[in-house]
Amino acid sequence: MGTTFSAYLLGIRLEKMKELLVNTTISQRDIAEQVGIGSEQTMYRLFKQYMGCSPGEYRKHPSADSTPRRRMNIMKARNNHMDNLKYLEHVVELGKVQAATTPEEMSGAFDAFNGFLGLYYDLAKMELQKAGIDTPPIRNFAIDKALERIDARLDCADFTIPALIRMLRDHRGTRLNEEQAQKIEQSLIHFKYWLDEPGDVHACFFTENHQILYHSAEYLVGQMYPDVVFPNNGMTGAEHHAHATAFLRRWLNWRERFGFSEWLTQGYYMDDMLGLVNLMIYADEADIRTRCRMLIDMLVFDLAVNHFEGHLPTTHGRVYTRFIIEPDYEDCSAVMALLFDKGYAGTMSNCAVMLAANGYVCPKAILAAAAAPTGIQTNRERMSIDVADAKYYGVDPADFDNIMFFWGQQTYSDRLTIENSLKVFPTWNWMTNRVRAYYERYKLHDEAGAPCVDAPDFTAMTQVDIYTRRTPDYILSCAQDFRKGRMGYQQHPWTASLGGKAVIFTTNPASTEYSNRPNCWAGNLTLPRAVQHENVLLCLYRVEPDFVDYLYSHLYFPRHEMDEVVEKEGWIFGRKGDGYAAVYSLLPGYWEKKDPAMFKELYAESWQEKYDRADDYEYIAQGHANVWVIEMGSKAENGSFEAFMDGFAGKKVCGDTHNLIYQSPSQGEITFGWNRPLTVGGETICIHGYKRYDNEFAQTEFDAGAIEINAGGHQTILDFEKAERTDI
């Protein structure tokens, strides 16, 4: 029958420890952290137990694991492919250590096991019990914690409903007792499912991910109780089902045609899947079941062609500090651990639990595409549309039925959408002030005959053209020339990574704290003009002088996560493994002392250990107008790290944000500017109007109606127009 997922994961970690011990000089403490063991002491104990020698002994004598017994045990763990039950077993094993055992230990926070989402741990137990596997008892108090949030109609209550529906549909009368089932029913029947229902709005209904969670919840709960009158608005379940169907079909159509406005988002992609996964099983309409499954496939394909070592260090439509600084916190990493055998599974992912519980199987071509690149892979893709182009695509901003498309991409106050935005809330809501204020601005400017910005939303996630380059040693990813000079929110224009926590990026900070949106590291007060060509990225900042406290940009460069760091001739060089990075600021910079507040925000009780280990990581360049140059390399491309650095000798970065010339060691002369095209070797480089997908696995025109993926001798066709899914 094979091994448990825990044993499987341990086998992978042991193999990675061995590789790092033999091929690098990094410390055992760093290796332990990198492979997800946690401490050097735990690494020593496990290594000694399974390898028969200490890590230090193995580093000196790598043949120490050559006995047949040790090799057989490790290979058994490595070769036993993870399946859904193994992942659920792993979650339960984690929960035995991390999960609360009494109601008093629960919290209202986003704690994986002990907050209002902790019921997903209990769902995992129900699924295992259904398969005849013993688990700890079901915690009804964890389910009650979710119901409290639903009954209070608090933000993110919709995140709990997929688990509750699964419990009612598959476990009632067996793993879910009748008293608890009736409590769930009452909470779901009394819930407020959309903005047009009575009652105050205390939650976000209308961002892209929340929309699908609310629509799927209303659709499925209405389908389950068609004859029951829902007290909040007096509609029957059948009427709720019909109401949700119209919204759901529109949402599916927009995503199929244009992708996701919250592009490559480490958390919200998983919330999209969370809203889709029950529909692919329980929807009473066959085409909706298939379309939802294919949209999950599409999201997974995005992960497959943009991940690096099971993490997603790319550009993002929306980002949070904890995800970009500490990749192991990414929700998507656990999903990639489940589907690709890559990623970090050290905590529970509610999305991964639901995918496993519902038996999702990743298409074979997407699995092949997710394999680590053996050479250089380039992925270009395009998502979302500009408001001004929407009518061309049949999404007329003047049609109120389309208003949620624009609210999903957060263009609430665009001149073309604002009339309908005023109709969304018949009474006051926290969005009302914003929409009314912009409406008055348009009116006053029009009366005065004065121009004003017609697309003012700092939250907007309009058309994005994404360029990602992956090699075995690094990844570099950019949202090409995305909304330059506009105020920003959570949009993250670019990232480079050499693996693990060795991530590199710049921002124009909006504060010096770490939780607001935007803040010190997540998002930008002013969006730059960033562009990428192959292994080179140029990032130009021009910050409005009104932002007097933040007239600078800064670089996140965690020196403690690198194997080597060298500074010379204005360049900052970093190496991790066989991957190299070089960063240059046109304005002079300096290292700011590390901030304990960031570590407290990220790591809570364990912050001091992380802080003590860290070196200074923030490099500040004062000035409202600056250029950052980033060039990546590797042993395979450049030879030694010394040879890579030597290539920059005498290479100039000349000019300013308006007219820049960079002599790249690998690309030759590159020119660029705030209002100038990108040229490389005298040739103008296209940075807009990409295909939906343009990579070695898929060539798909934008708004094509179908996606064909070919990899590893397999073919997957997602035909949205015919609602047909092919996997061969």
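Draft legend 1. Molecular detail of helix α15 (residues 286-306). Over its 21 residues, α15 runs 31 Å from end to end, which matches the ideal 30 Å to within 8%, given 1.5 Å per residue. Of all 21 residues making up α15, 16 are buried, and the element is well covered by its neighbours.

Draft legend 2. Structural context of the pattern of salt bridges. Counted according to the given criterion, the structure contains 35 salt bridges. Here R291 makes a salt bridge to E256, at a shortest N to O gap of 2.7 Å. Of this pair, R291 sits in helix α15 while E256 sits in helix α12 (residues 237-258), and the two are 35 residues apart along the sequence. Assessed through its relative accessible area of 9%, R291 is described here as buried. The closest approach of N and O atoms between D446 and R415, which form a salt bridge, is 3.0 Å. Pair noted here: D446 is in helix α23 (residues 430-448) and R415 is in the loop between α21 (403-408) and α22 (418-424), with a separation of 31 residues, a long-range link. Take R415: its relative accessible area is 28%, and that puts it in the partly exposed class. Put simply, R249, E256, E285, D287 and R291 are held in one network by salt bridges that share partners.

Draft legend 3. Fine view of the nonpolar core. Y120, I143, F206, F301 and L303 are the most contacted members of the largest nonpolar core, which has 141 residues in total. No other element matches the twelve residues that α15 contributes to this core. L303 has contacts with Y269, M270, M273, L312, C332, V335, M336 and F340, leaving out every residue within four places of it along the chain. Y584, W674, V680 and I687 belong to the second largest nonpolar core, which has 25 residues in total.

Draft legend 4. Fine view of the packing of helix α9 (residues 161-171) against helix α10 (residues 178-189). Contact pair α9 / α10: the axes reach a minimum separation of 11 Å and the direction vectors enclose 135°. By the angle class used here, α9 and α10 are oblique. Considering the relative orientation of α9 and α10, their crossing is left-handed. In this structure, α9 uses I161, L164 and L168 to contact α10, whose residues at the interface are A181, I184, E185 and L188. In terms of residue class, the contact of α9 with α10 is made up of six nonpolar, no polar and one charged.

Draft legend 5. Region of interest: the packing of helix α7 (residues 119-130) against helix α8 (residues 140-151). The geometry of α7 relative to α8 is characterised by a closest axis approach of 8 Å and an angle of 135° between their N-to-C directions. With respect to each other, α7 and α8 are oriented oblique. Between α7 and α8 the crossing geometry is left-handed. Between α7, through L119, D122 and M126, and α8, the contact on the second element is made entirely by A142, I143 and A146. A per-class count over the contact of α7 with α8 returns five nonpolar, no polar and one charged.

Draft legend 6. Fine view of the sheet that holds strand β22 (residues 706-711). Read from one edge of the open sheet, three strands run β22-β23-β24, paired in antiparallel fashion. If you trace the sheet from one side to the other, it starts and ends with β22 and β24 (724-727), each paired once. When the angles between neighbouring strand axes are averaged without regard to direction, this sheet yields 5°. Here strand β23 (residues 714-719) pairs with β24 via four bridges, running antiparallel. What sits directly across from L718, in β24, is R725. Contacting β22, β23 and β24, α15 runs over the sheet at an angle of about 50° to β24.

Basis of the calculations
Residues numbered from 1 in each chain as written. Predicted model: local features only at pLDDT ≥ 70, side-chain atom pairs only at ≥ 80, totals over all residues. Heavy atoms only, no water. Helix = DSSP H or I, 4+ residues; strand = E, 2+ residues; numbered from the N terminus. Expected span 1.5 Å × (residues − 1). Buried < 20%, exposed > 50% of the residue type's maximum accessible area, 1.4 Å probe, protein only. Salt bridge = Lys/Arg side-chain N within 4 Å of Asp/Glu carboxyl O. Core = buried A, V, L, I, M, F, W, Y, C linked by side-chain atoms within 4.5 Å. Contact = heavy atoms within 4.5 Å. Axes fitted to C-alpha atoms, helices over the stretch in contact; angles between N-to-C directions. Parallel < 35°, antiparallel > 145°, perpendicular 65-115°, else oblique. Left-handed = near helix turned anticlockwise from the far one by under 90°. Nonpolar A, V, L, I, M, F, W, Y, C, P; charged D, E, K, R; others polar. Pairing = 2+ DSSP bridges.

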